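Commentary on secondary and tertiary structure
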Amino acid sequence: FDFIVGVGIICNLVLAYCSPKLKAKTIGWEHFCYDGTPFYQKILRKFLFKNLTQVVILTNKDLEKYKKLNLNTRTIYNFTNMEFRKVPEFQNKRFLFVGRLSEQKGFFDFCNIIKQFCKLNTDWNFRVIGNGEYKNDFKKFIKTENLDSRINWSLISTDIQTEMENSSCLLMTSNFEGLPMVLIEASICALPAISYDTPTGPSDIISNSKSGFIIPIHNQAFFIAQMKEFVSNFELQQKLSIGAKKESKKFCKKHILCEWKKVFEQ
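Presented here is a report on the structure given in the accompanying data block. (Residues numbered from 1 in each chain as written. Predicted model: local features only at pLDDT ≥ 70, side-chain atom pairs only at ≥ 80, totals over all residues. Heavy atoms only, no water.)

Here we take up the pairing of strand β6 (residues 125–129). Across the five residues of β6, four count as buried, placing the element largely inside the fold. For the crossover that starts at strand β5 (residues 94–98), traverses helix α4 (residues 107–120) and ends in the parallel β6, the hand is right-handed. Relative to strand β7 (residues 151–154), β6 is paired through four bridges, and the arrangement is parallel. In the sheet register, arginine 127 faces β7, and the bridge partner there is asparagine 152. (Buried < 20%, exposed > 50% of the residue type's maximum accessible area, 1.4 Å probe, protein only. Helix = DSSP H or I, 4+ residues; strand = E, 2+ residues; numbered from the N terminus. Right-handed = clockwise from strand over helix to strand, strands pointing away. Pairing = 2+ DSSP bridges.)

Here is the structure:
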């Protein structure tokens, strides 16, 4: 082989260990944030990643950290085959959440944000798509807070693009992410997003106040304030939608494949 590509931390550790004995060039393709791996993997990565010919990562925020392990590190975003079809239906007055009902996705912050927002606004509703360990807790939350008429929830969807086109804004309350595909897909659909500023991910996809809003992590009050500003200003909704569509150009398939071509031409 001319090249061997490892995908994910376990494969990359194995590949890095074997790399000195291989004639092929070795590329470690990381799919998660630098700090999101177990301690033992961090230790092994520190000693082994220098053996790789090149490391490819998902976000610019992690670039300097990985360069300390291997100077030949570059950022290449993921792409999606989703293509723009139409602008979102802002008249639907609907926030969209897509993700696991889990600790990682900030389940408890998300529930409290919904609860507090619904006290302040009676016009806008929520579409939630997700399963997870807190599924029963979410069911109980909806019932306890009498939000059956405000939250439309399903465990899965077979057509996320239509869900996005029929929504007005995507919400993300994650505690940590790699490069969240749901934000990339939202930008392609020209759907603005409001997201916590996790250590990596959202800031590579959202330009604050241009294509959505980036919120300091766990600052629920500010998150709700930005939601209020969004729902009260149709011109802002239009502006952020145009901005999101512009941001999506970074994630087009043709551009990303050109970046990978550079990797294999070195």
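From this point, things continue past the structure.
Here we come to the pattern of salt bridges. Applying the stated criterion across every chain yields a total of eleven salt bridges. Between glutamate 165 and arginine 85 there is a salt bridge, and its shortest N-O distance comes to 2.9 Å. Placement of the pair is glutamate 165 in helix α6 (residues 160–165) and arginine 85 in the loop between β4 (73–75) and β5, with a sequence separation of 80 residues. Among the charged side chains, a network of salt bridges with common partners joins Arg94, Arg127 and Glu163. (Salt bridge = Lys/Arg side-chain N within 4 Å of Asp/Glu carboxyl O.)

Within the secondary structure layout, phenylalanine 39 lies in helix α2 (residues 39–48). Under the relative-accessibility criterion, phenylalanine 39 is labelled exposed at 65%. The spatial distance from the C-alpha of phenylalanine 39 to the C-alpha of aspartate 204 is 26 Å, given a sequence separation of 165 residues.

Here we take up the sheet that holds strand β1 (residues 3–7). The strands that make up a sheet pair up through hydrogen bonds in the backbone, lying either parallel or antiparallel. The four strands are arranged β1-β2-β3-β4 in an open sheet whose pairing can be described as parallel. A single partner strand is all that each edge strand has here, and the edge strands are β1 and β4. Between one strand axis and the next, the sheet turns through 20° on average, direction left out of account. Pairing of β1 with strand β2 (residues 25–29), which is carried by five bridges, proceeds in the parallel orientation. Each residue of the ladder has a partner; that of valine 5, found in β2, is isoleucine 27. Packed onto the sheet, helix α1 (residues 9–18) meets β1 and β2 and runs at close to 145° relative to β1. Running over the sheet, helix α11 (residues 253–265) touches β1, β2, β3 (54–57) and β4 and is turned about 145° from β2. (Axes fitted to C-alpha atoms, helices over the stretch in contact; angles between N-to-C directions. Contact = heavy atoms within 4.5 Å.)

Pairing within the open sheet is parallel, and its six strands lie in the order β7-β6-β5-β8-β9-β10. Lying at the two open borders of the sheet, with one neighbouring strand each, are β7 and β10 (212–215). Neighbouring strand axes in the sheet, compared pairwise and without regard to direction, differ in orientation by 20° on average. Those strands touched by α4 are β5, β6, β7, β8 (169–172) and β9 (193–196), and its axis lies near 160° from that of β6. Relative to the sheet, helix α5 (residues 135–144) contacts β6 and β7, its axis offset from that of β7 by approximately 155°.

Moving on: helix α10 (residues 234–247). Along its 14 residues, α10 runs 20 Å from first to last C-alpha, staying within 8% of the 20 Å computed at 1.5 Å per residue. Taken together, the buried positions of α10 are Leu236, Gln237, Leu240, Ser241, Gly243, Ala244 and Glu247. The arc that holds the buried residues of α10, viewed along the axis, is 165°, so those residues lie on one side. Set apart from the buried face of α10 by more than 90 degrees, the exposed residues are Glu235, Ile242 and Lys246. Residues of α10 that are buried in the fold lie against α7 (181–188), α8 (202–205), β10 and α9 (220–231). (Expected span 1.5 Å × (residues − 1). Arc of directions from axis to C-beta.)

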